[in-house]
Amino acid sequence: MRKQDFSTLGEQTKAVHAGEFPDPVTGASSPNLVMSTTFVVDADTTFSVEGMGENDPFVYTRWANPTIRQLEEKLAVLEDAEAAVAFASGMSAAVALLLHTLKAGDRVVVSDVTYAAVAEATNELFPALGVDVIKVDTSDLDALATTVKHGVKLVYIETPCNPLLRLTDIGAAAKIAHTAGAQLVVDSTFATPIATKPLQLGADFVIHSLTKYIGGHGDALGGILLGRATDLASLRKKTSIRLGGTISPFNAWLILRGLATLPLRMKAHEENALKIARYLETNPKVTRVIYPGLPSHPQHNLARRQMRNFSGMIAFQAERGKETARRLAEKLRIIHYAVSLGHHRSLIFYLDTEELLATSFRLATQKQLDSWKTFAGEGIFRLSVGLEDADDLIADLEQGLM
Ligand SMILES: *Cc1c(COP(=O)(O)O)cnc(C)c1O
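Throughout what follows, the structure given in this document is the object of discussion. (Residues numbered from 1 in each chain as written. Predicted model: local features only at pLDDT ≥ 70, side-chain atom pairs only at ≥ 80, totals over all residues. Heavy atoms only, no water.)

This part covers the layout of surface pockets. A volume near 430 Å³ is recorded for the largest pocket. The wall of the largest pocket is formed by 26 residues, among which Tyr115, Ala116, Asn162, Lys212 and Arg382 lie closest to the centre. Contributions of two or more residues to the lining of the largest pocket are made by helix 3 (90-101), helix 4 (116-128), strand 6 (205-209) and strand 11 (347-352). Per-element accounting of the lining of the largest pocket gives the leading share, three residues, to helix 3. The class makeup of the residues in the lining of the largest pocket is 15 nonpolar, seven polar and four charged. Here the lining of the largest pocket spans two domains, since at least three of its residues come from each of domain 1 (11-259) and domain 2 (262-401). (1 Å grid on protein atoms, 1.4 Å probe; cavity = no way out; pocket = protein on both sides within 12 Å on 5 of 7 lines; lining within 4 Å. Points joined across faces, edges and corners; volume = space filled by probe spheres on them. Helix = DSSP H or I, 4+ residues; strand = E, 2+ residues; numbered from the N terminus. Nonpolar A, V, L, I, M, F, W, Y, C, P; charged D, E, K, R; others polar. Domains from an automatic or database assignment.)

Structure below.
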């Protein structure tokens, strides 16, 4: 089946079949893992990527590879995107997009809370290249509208954002960006295409770290950019091939396998997370629980409007955060005390406010600081609820928090 045949099919059918087809030579039903870096070509093949067409025969894996292409096609179908370019990691996708879109003298507006390495790259790397970076709380649409003026090239948001689980209204942000003549990028890693399809809401680009829910098993780094075919063909040619942050075909193959069960896994992550969020709200040691699926989330109405699945990420505050983190790292038996998220295995990590505000996040105004404190207080536990039995996870948290 080809890409254009999928529009009327269900999400789980797309996840299983999109981008895949039986091998025409062997009849193999599962995707081939093609590790070859080079491909035998005819003598008319051009040596420069400048002459490359999107559907030309394979030449070199940094340009295109059959296994990586299958991953790109499957995700493009799930995200309702015209095209996709995969990368070695989520960070390499994000940096490639920024490098492709911005040059010295350009202005970009970035959410003041994003994945930490994106925050750090836009605090240091891009200003050093002469790009004017402005950080704003993008959940505050008035603040966003006053910041995004004519002359801004790109608006970069993350929803729900890591680690606060604070949301940004994608449709409203797209209107603000487009009115000013800017493009909108959405890092949708926490939502996945199962919860939210930012391109349908007006975004120009979507980023995912494939390392998280999409791969889903904690064993392969990857990233992807999705959007319009013309934008991504130019990005592949001008930036991604020259940057060289190519995903290994082996990782692409692992992520393809994980992606086939994404809709089923997201249902299970959400179901477990809701049970655990409700339990945490009853635990006397826990002072605040942030989960988009709970009515107590400050943006629950926006979450209901924008997310078809509340995902599996919970943030919570507890008394004496650092001490509790030490206790949890020692006592938890099932949940791993570790960074990353979106795996079948549950993971928890403590993020200390003072430490993060000194390293990753530069909050310029009292209002930005107040918003951070509303969600994170002095520090926040980021719990990625896995696919274990909810009762076992609750029992583990109960004994760990005692
Ligand atoms: C992990 C993550 C990234 C970076 O992805 P890598 O694959 O680790 O490079 C970007 N954005 C979000 C929201 C993430 O959680």
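What follows deals with the sheet that holds strand 1 (residues 83-87). Pairing within the open sheet is mixed, and its seven strands lie in the order 1-7-6-5-4-2-3. Each having just a single partner strand, strand 1 and strand 3 (132-136) make up the two edges of the open sheet. Along the sheet, successive strands turn relative to each other by an average axial angle of 20°, direction set aside. Sheet topology note: the strand 6/strand 7 (residues 223-227) ladder contains five bridges and is antiparallel. Opposite Val206, over in strand 7, you have Leu226 as the bridge partner. Contacts between helix 6 (residues 170-179) and the sheet are confined to strand 4 (152-158) and strand 5 (183-187), with strand 5 contributing the most and set at about 150° to the helix. (Pairing = 2+ DSSP bridges. Axes fitted to C-alpha atoms, helices over the stretch in contact; angles between N-to-C directions. Contact = heavy atoms within 4.5 Å.)

What follows is about empty space enclosed by the protein. A water-sized probe rolled over the atoms picks out the places where empty space is left. In total, this model carries three cavities of 30 Å³ or more according to the counting rule given. Considering only enclosed or pocket space, the largest cavity measures out at about 140 Å³ in volume. Taken together, the elements giving at least two residues each to the lining of the largest cavity come down to helix 2 (66-79), strand 1 and helix 8 (229-243). Partitioning the lining of the largest cavity into residue classes produces eight nonpolar, five polar and four charged. As a volume, the second largest cavity reaches approximately 70 Å³.

What the rule picks out here adds up to seven aromatic pairs. Pairing Tyr350 with Phe381 gives two aromatic rings, centres 4.7 Å apart and planes at 45°, and the pair type is tilted. Taken as a pair, Tyr350 in strand 11 and Phe381 in strand 12 (residues 379-384) lie far apart in primary sequence, 31 residues in all. For the pair shown, Tyr350 and Phe381 are each scored as buried. Connected via pairs of aromatic rings, a cluster forms that spans Phe316, Tyr350 and Phe381. (Phe/Tyr/Trp six-rings, centres within 6.5 Å; stacked < 30°, edge-to-face > 60°. Buried < 20%, exposed > 50% of the residue type's maximum accessible area, 1.4 Å probe, protein only.)

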